[in-house]
Amino acid sequence: MRYGLVGVFCVGLISGCSSDDGEISDNQSDEAVVNDTDDASTNSGNTNYNQMSCSDDLTRVLALINEQRSQQQMCGSERYGPVDELTWNTQLTAAAQEHSNNMANYNFFSHTGLDESTIATRVTAQGYTWSYVAENIAGGQTTAQSVVDGWMASEGHCKNIMSENATEMGLACSANSDANYHYYWTQVFAKSR
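Computed from a predicted structure; not experimentally measured. (Residues numbered from 1 in each chain as written. Predicted model: local features only at pLDDT ≥ 70, side-chain atom pairs only at ≥ 80, totals over all residues. Heavy atoms only, no water.)

## A few points about the pattern of salt bridges
- Scanning the model with the defined rule gives three salt bridges in all.
- The salt bridge involving Glu-78 is made with Lys-159; its shortest N-O contact spans 3.0 Å. Linking Glu-78 in strand 5 (residues 78-80) with Lys-159 in helix 5 (residues 155-162), this pair joins segments that are 81 residues apart in sequence.
- Residue classification places Lys-159 among the partly exposed positions, given a relative accessible area of 23%.
- Lys-159 serves as the salt-bridge partner of Glu-155, at 3.1 Å between the closest nitrogen and oxygen. In this pair, Glu-155 and Lys-159 are both assigned in helix 5, four residues apart and thus about one turn of the helix distant.
- Through salt bridges that share partners, Glu-78, Glu-155 and Lys-159 make up one connected network. (Salt bridge = Lys/Arg side-chain N within 4 Å of Asp/Glu carboxyl O. Helix = DSSP H or I, 4+ residues; strand = E, 2+ residues; numbered from the N terminus. Buried < 20%, exposed > 50% of the residue type's maximum accessible area, 1.4 Å probe, protein only.)

Right, here's the structure in full:
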């Protein structure tokens, strides 16, 4: 059975963010610090992907996330929620799309882009002025349900989903059969200033 990768999550407040890296299958983690004042450069790369596509309407993920947020959840040993629903944001979706495209096109899996961009710089580059920003990424899941299930089963990703600080969400999935995980998901949470 091939497990999809649920990747490092990143939470940023004005002072910076940390990340936790884990696979669904073994929940190992590493921590790193990302500074939200890095240069906001972009590298959208070649978008000549083959004919694969993510199978679900991406707004379905928002509905599934809001369903999770409407109930109490255990993220590791901590209880969260219920919390307010998130709304869809096109600027956050554009930041997510840029990152998913890059991961699929250049076959890497990280919060840091090959151009050294971070969640903070990608969201800022889209013109979104944030007071809170966080990101979940995943690789290999083919449906909205499978990616949400994977994120909810991971403590750090679950905490991002259940954060009362987030008010909006954007999401993208890019597919490339030549890349290791084929499907690359980026979920961005934020609250504007």
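## Section: the nonpolar core
- Counting residues in each nonpolar core, the largest one holds 29 residues, and the members touching the most others are Val-61, Met-169, Trp-185 and Phe-189.
- Of all the secondary-structure elements, those providing two or more residues to this core are helix 1 (59-69), strand 7 (130-139), helix 4 (144-152), helix 5, strand 8 (168-175) and strand 9 (183-192).
- Counting residues per element, this core draws most heavily on helix 4, at five residues.
- Leu-92, Ala-96, Val-123 and Ala-172 belong to the second-largest nonpolar core, a separate cluster that totals twelve residues. (Core = buried A, V, L, I, M, F, W, Y, C linked by side-chain atoms within 4.5 Å.)

## What to know about helix 2 (residues 90-106)
- For helix 2, built from 17 residues, the straight-helix expectation of 24 Å at 1.5 Å per residue is met to within 8% by its first-to-last C-alpha distance of 24 Å.
- Where helix 2 is concerned, the buried positions are Leu-92, Thr-93, Ala-95, Ala-96, Glu-98, His-99, Ser-100, Asn-101, Asn-102, Met-103, Ala-104 and Asn-105.
- The inward-facing, buried residues of helix 2 contact strand 6 (87-88), helix 3 (119-125), strand 7, strand 8 and strand 9.
- Looking at where helix 2 begins, the residue whose side-chain oxygen comes 2.8 Å from the main-chain nitrogen of Gln-91 is Asn-89.
- Of the residues flanking the end of helix 2, it is Asn-107, one or two places downstream, whose phi is positive at about 55°. (Expected span 1.5 Å × (residues − 1). Contact = heavy atoms within 4.5 Å. Polar contact = N/O pair within 3.5 Å; in protein donor to acceptor, adjacent residues only side chain to side chain.)

## Structural notes on the packing of aromatic side chains
- Counting across every chain of the model gives two aromatic pairs.
- Residues Phe-109 and Tyr-181 carry aromatic rings whose centres are separated by 5.9 Å and whose planes lie at 55° to one another, so their mutual orientation is tilted. Of this pair, Phe-109 sits in the loop between helix 2 and helix 3 while Tyr-181 is found in the loop between strand 8 and strand 9, placing the two residues 72 residues apart along the sequence.
- Of the residues examined, Tyr-181 reaches a relative accessible area of 22% and is grouped as partly exposed.
- A network of ring pairs unites the aromatic residues Phe-109, Tyr-181 and Tyr-184 as a single cluster. (Phe/Tyr/Trp six-rings, centres within 6.5 Å; stacked < 30°, edge-to-face > 60°.)

## A word on the pairing of strand 9
- A large share of strand 9 lies buried, amounting to eight of its ten residues.
- Sheet topology places strand 8 next to strand 9; eight bridges connect them, and they run antiparallel. By the bridge assignment, Ala-172 is partnered in strand 9 with Thr-186. (Pairing = 2+ DSSP bridges.)

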